[in-house]
Each structure stands twice: as structure tokens, then as C-alpha cells.
Amino acid sequence: MAEMIAFPTRSEAVGEAEFKIAMRQVAASVAIVTARSGKLRNGLTATAVCSVASTPPTMLVCINRSASAEPLIQESGAFAINFLTDGQHGIARLFSTSKLAPEDRFVEGTWGSLETGAPVLEGTVASFDCRVESQVLSGTHHIYLGRVVGVTSLDTDVLLYRDGSFRRLEPAG
Ligand SMILES: Cc1cc2nc3c(=O)[nH]c(=O)nc-3n(C[C@H](O)[C@H](O)[C@H](O)COP(=O)(O)O)c2cc1C
């Protein structure tokens, strides 16, 4: 049986360490969020990504304001979300390696684009090309809401991240 990690209850805010321990238990789909401005392209591995609504199709991403790809989202007003397959974990590592030159992140896989010009990876579970509709500042991060203007998808398994490592989906029953 899985061990439960208990903390004393407090009336006020929760500390960063216990928040992180709790979030480590939560499996998330892994995406590469990309952007292009002029000749420059960049991206980052992200799990703080979700669908907001289908009318109109809208996605949400949370981007650390210190991420090297952030200025390209600001400049272009667009981003693409590429949900990786479980075979694309090498690409997740490239886009989460800090200080790697942007072009060195695009050495693996075949990259193209849909409507906005933001880099879209071939063979993903799903890719969403988005124009920024609005942004919210939340501490260290910007939350971007994006209207989906292009989409691709394949019937295949998504790459997961839990407790510090990349994982595969397995049938539960
Ligand atoms: C599994 C995983 C999920 C991540 N999710 C996010 C995220 O949702 N938002 C974010 O800003 N950074 C996220 N990061 C961190 C960025 O991928 C990382 O900071 C990236 O290397 C950007 O670094 P750079 O500023 O050197 O380009 C995640 C990293 C990993 C490994």
C-alpha cells in the first residue's frame, strides 16, 4: 500500500517544500511549448498546460518569466503546445536543459509550423497552435490563454512525468 505523507494542518499558507512534495505525486502529460519571433525560435518542456474551453477552442499554459522562450511568446503573441509521445522523452530532456542554445533544442525530431509560425513537432499526440488572447501575471509565472488556430493529433500514448521522472501510460484494469 502506498505510504501517505502527512503534514500538520495550518490555518494559513502552505510552504513551498510541502507544495512541491504534493505536486510530485501528480502525474502530468508532457508538452513542449514553443514560439518564434523573426528568425529566432525556442521552447521549453512544460506540464502546466491544459484545455480551457472548446467554444471557442482555448488552451492555457503557465510560463516562468525567466524562461528563455518567454520573450518570443511576448514578441510574437503566439505559441504552440506539442504533447509528446512516450517515445519522444529525449526531446523533453533537450527542452528542459537549462541554458542550452535554442537551436540545439531542435536537433531531434522534424519541426514545421501551422498558422502562427510557432514550431510544431511532427508525430506528437496532439499539437495546438495558439494566438495569445490574454495573459495573467502570477508571481514568477505568466499564465497565457491562447485561442487555438491550428491542431494536429494522432491516436497514440502521451509521455507522462511523475515524481521526477518520465513515465509511460499503462492500463489500470
Ligand atoms: C517535466 C517538466 C515540466 C516543466 N514544466 C514547466 C512549466 O509548466 N512551465 C515552466 O515555465 N517551466 C516548466 N519546466 C521548466 C522548463 O522546462 C525549464 O526551465 C526550461 O529548461 C527553460 O530553461 P531556459 O530558461 O534555459 O530555456 C518544466 C520542466 C520539466 C522537466
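Structure shown above.
Residues numbered from 1 in each chain as written. Predicted model: local features only at pLDDT ≥ 70, side-chain atom pairs only at ≥ 80, totals over all residues.

A. Up close: unusual backbone geometry. The linkage connecting T55 with the following residue, P56, adopts the cis geometry, with an omega of -5 degrees. Looking at where P56 falls in the secondary structure, it is placed in the loop between β4 (49–54) and β5 (57–64). A positive phi angle, close to 70 degrees, is found at K99, a residue other than glycine. One non-glycine residue, D163, lies in positive phi territory at about 50 degrees. Looking at the element boundaries, D163 is found in the loop between β11 (160–162) and β12 (165–167). (Helix = DSSP H or I, 4+ residues; strand = E, 2+ residues; numbered from the N terminus.)

B. Geometry of the site of the ligand. With respect to spatial proximity, 18 residues lie near the ligand, and among them A46, A48, N64, S68 and S96 are the closest. Elements with a minimum of two residues in the shell around the ligand: β3 (40–46) and β5. Residues of the shell around the ligand, tallied by class, amount to 10 nonpolar, 7 polar and 1 charged. (Near = placed C-beta within 6 Å. Nonpolar A, V, L, I, M, F, W, Y, C, P; charged D, E, K, R; others polar.)

C. Broad picture of the pairing of β5. In this structure, β4 lies alongside β5, joined through 5 bridges in antiparallel fashion. The residue of β5 that forms the bridge with S51 is M59. The hairpin turn running from β4 into β5, its antiparallel successor, is 2 residues long. As paired strands, β5 and strand β10 (residues 141–153) are joined by 7 bridges and run antiparallel to one another. (Pairing = 2+ DSSP bridges.)

D. Fine view of the sheet that holds β3. The 7 strands lie next to each other as β3-β2-β6-β9-β10-β5-β4, forming an open sheet whose pairing is antiparallel. Here the strands that pair on one side only, and so sit at the sheet edges, are β3 and β4. With direction set aside, neighbouring strand axes in the sheet form an average angle of 30 degrees. (Axes fitted to C-alpha atoms, helices over the stretch in contact; angles between N-to-C directions.)

E. Summary view of the environment of P102. Structurally, the position occupied by P102 is in the loop between α3 (89–94) and β7 (111–113). Residue P102 is classed as partly exposed on the basis of its 15 C-beta neighbours within 10 Å. C-alpha separation for the pair P102 and S68, spaced 34 residues apart in sequence, amounts to 8.4 Å. Setting aside its immediate chain neighbours within four residues, P102 contacts L40, R41, N42 and S68. (Buried ≥ 20, exposed ≤ 12 C-beta atoms within 10 Å, placed from the backbone. Contact = placed C-beta atoms within 7 Å.)

F. The arrangement of the sheet that holds β11 in detail. Judged by pairing direction, the sheet is antiparallel, and its 3 strands sit side by side in the order β1-β11-β12 without closing on themselves. This sheet does not close on itself; its edge strands, each paired only once, are β1 (28–29) and β12.

G. Inspection of the nonpolar core at higher detail. By size, the foremost hydrophobic cluster in this structure holds 32 residues, and its most contacted members are A31, V33, V61, F79, I81, L84 and C130. Per element, the largest residue contribution to this core is 5 residues, and it comes from strand β6 (residues 78–83). When near neighbours in sequence (up to four residues on either side) are disregarded, I81 contacts A31, V33, V49, M59, V61, S127, F128 and C130. (Core = buried A, V, L, I, M, F, W, Y, C linked by C-beta atoms within 7 Å.)

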